[in-house]
Amino acid sequence: MGMTVVEKILARAAGLPSVQVGDVVEPKVDLAMSHENAALVINQFQEVFAGTGLAPKVWDPSRIAIIFDHRVPAESPKTATNQKKIREFVAANGISKFHDIRGDRGGICHQILPEYGYVRPGFVVVGTDSHTTSHGALGAFSFGIGATEMASAWSLGIAVNIEVPATIKVVVTGEFPPFVGPKDLILHLIGRLTAQGANYKVLEFHGETIRRMSTSGRIAICNMSVEAGATSGIVPGDEETVRYLREEAGVTEAIPCVTADADAAYVQTVEIDVSTLAPQIACPHMVDNVKPIEQVQGTKVQQIVIGSCTNGRLDDLAIAADTLRGKKVAEGTRMLVFPASTRIFAQALDKGYVLDLMKAGAVVMNSGCGPCLGVHEGALGDHEVALSTTNRNFKGRMGNPTGDVYLCSPAVAAASALTGVITDPRKGA
Ligand SMILES: CC(C)[C@H](C(=O)O)[C@@H](O)C(=O)O
Ligand code: SF4
């Protein structure tokens, strides 16, 4: 029997000729990522060595990545002290893939890993963040784990007790209509599968639409795969993956890609033709509460957010700038834009997008998680409504349990910024 991409990756990483769904394996980890919650991992890591008489030592400092992003710059002395503790640990252990609070190499972890070429096709990537699924966009098997599991990864270089997940094949065909894109595709898919529909499973993306899709779009769909409950999303590595890693991440060494066998077994196949897809909106307070825009247009919005690891890349900012250039954000609505990395921020400056957005009335914020999680900046007032390109709309997301968060594409967010109500971007075309 053939193997899926993830089965092949796990077999190689576990040193086995093959694996099957349900097998429990302990694959070697190629990259272990944390952000500010590395502080928790450090505590657990020290526990692992307590009483052994051995000095705590990470298995391979070149394979650990730590990125400050959730609370940058620190919003409180507590966060600043945590960051200080992590910085000291990084220095003491020689961890090289460290991204501190800096304007020249900062950003959200799920943007930094692809941007710096830290992730490659076929890698096993673990991260103490649920959206670690993002890196499936580069053909890696990449998933979120807890601080305790991460402490074992740091000490042993393996992911412990990994049950080989079943895989759902998602075949996407057709040409996106104008103002419809990868974000609408993934919202639609989550709506169809539901928030638990892919629990303990991998979403493996195929089809001509995926083959034509940029790495940015692939990151958006793999990023949100976890919102259907998936362990991970994965786009098997292809020419676009190699192009991205060479041209954008500057990778020079060979980039072998892992593909699925023709006779691989899938637990389910989902087919989507995007040529008739409308802009999709995830309504409060569940990501699977997805409706076509027709059903919610006209809803008044106080805060528009464009950014995050889902949609804070240059193509997303280009859509926003193209929509707002020479126009104004509606009175009574505020628009917050936060580029996913400082590199993207600099590119957006070069292209004039930042000035276009500022002149229109948007507030362009530093790169990081910003308002997405609701713990840093850009909180909602009581009973306010946000329309956001981020990936979660749970109660309290964006810092206020009485607020409502609607999720959408950059095209919808930008069109709505001009009107102050949820607006179909196709109408202005
Ligand atoms: C804070 C962090 C652990 C969390 C996650 O796991 O995803 C956050 O990034 C989020 O998006 O909710
Ligand atoms: S931008 Fe949002 S979803 Fe992404 S890692 Fe940060 S908090 Fe999580």
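Keep in mind that this is a model prediction, so the values were computed, not measured.

Q: I'd like a description of the packing of helix 2 (residues 38–49) against helix 3 (residues 77–93), backed by residues and values.
A: In a packed pair of helices, the relevant descriptors are the angle between the two axes and the axis-to-axis distance. Relative to each other, helix 2 and helix 3 sit at 55°, their axes nearing to 9 Å. Of the possible angle classes, the one that applies to helix 2 and helix 3 is oblique. The handedness of the crossing between helix 2 and helix 3 comes out as left-handed. Here A38, A39, I42, N43 and F45 of helix 2 lie close against helix 3, whose contacting residues are N82, K85, I86 and F89. By residue class, the composition of the contact of helix 2 with helix 3 is six nonpolar, two polar and one charged.

Q: Just give me the short version of the sheet that holds strand 2 (residues 31–34), but keep the residues and values in it.
A: In spatial order, the strands read 4-3-2-5-6; together these five strands make up an open sheet with parallel pairing. The open sheet is flanked by strand 4 (97–99) and strand 6 (141–144), the only strands paired with a single partner. In this sheet, neighbouring strand axes are inclined to one another by 15° on average, regardless of whether the strands run parallel or antiparallel. Sheet analysis places strand 3 (residues 64–67) next to strand 4, joined by three bridges and oriented parallel. Note that in strand 4 the partner of I67 across the bridge is H99. Contacting strand 2, strand 3 and strand 5 (124–127), helix 5 (residues 147–156) crosses the sheet at an angle of about 135° to strand 2.

Q: Could you give an account of the domain arrangement of the protein, naming the residues involved and the relevant values?
A: According to the domain assignment, the protein consists of domain 1 (5–272) and domain 2 (281–428). Centre-to-centre, using C-alpha coordinates, domain 1 lies 25 Å away from domain 2. Regarding the contact of domain 1 and domain 2, the summed buried area is about 2,900 Å², with carbon and sulfur atoms giving 58% of it. When the area that domain 1 buries against domain 2 is broken down by residue, the three leading residues are I108, F179 and K183, summing to 21%. For the pair domain 1 and domain 2, the interface holds two salt bridges.

Definitions and cut-offs
Residues numbered from 1 in each chain as written. Chains lettered and ligands numbered in written order. Predicted model: local features only at pLDDT ≥ 70, side-chain atom pairs only at ≥ 80, totals over all residues. Heavy atoms only, no water. Axes fitted to C-alpha atoms, helices over the stretch in contact; angles between N-to-C directions. Helix = DSSP H or I, 4+ residues; strand = E, 2+ residues; numbered from the N terminus. Parallel < 35°, antiparallel > 145°, perpendicular 65-115°, else oblique. Left-handed = near helix turned anticlockwise from the far one by under 90°. Contact = heavy atoms within 4.5 Å. Nonpolar A, V, L, I, M, F, W, Y, C, P; charged D, E, K, R; others polar. Pairing = 2+ DSSP bridges. Domains from an automatic or database assignment. Buried area = accessible area lost by both parts, 1.4 Å probe. Salt bridge = Lys/Arg side-chain N within 4 Å of Asp/Glu carboxyl O.

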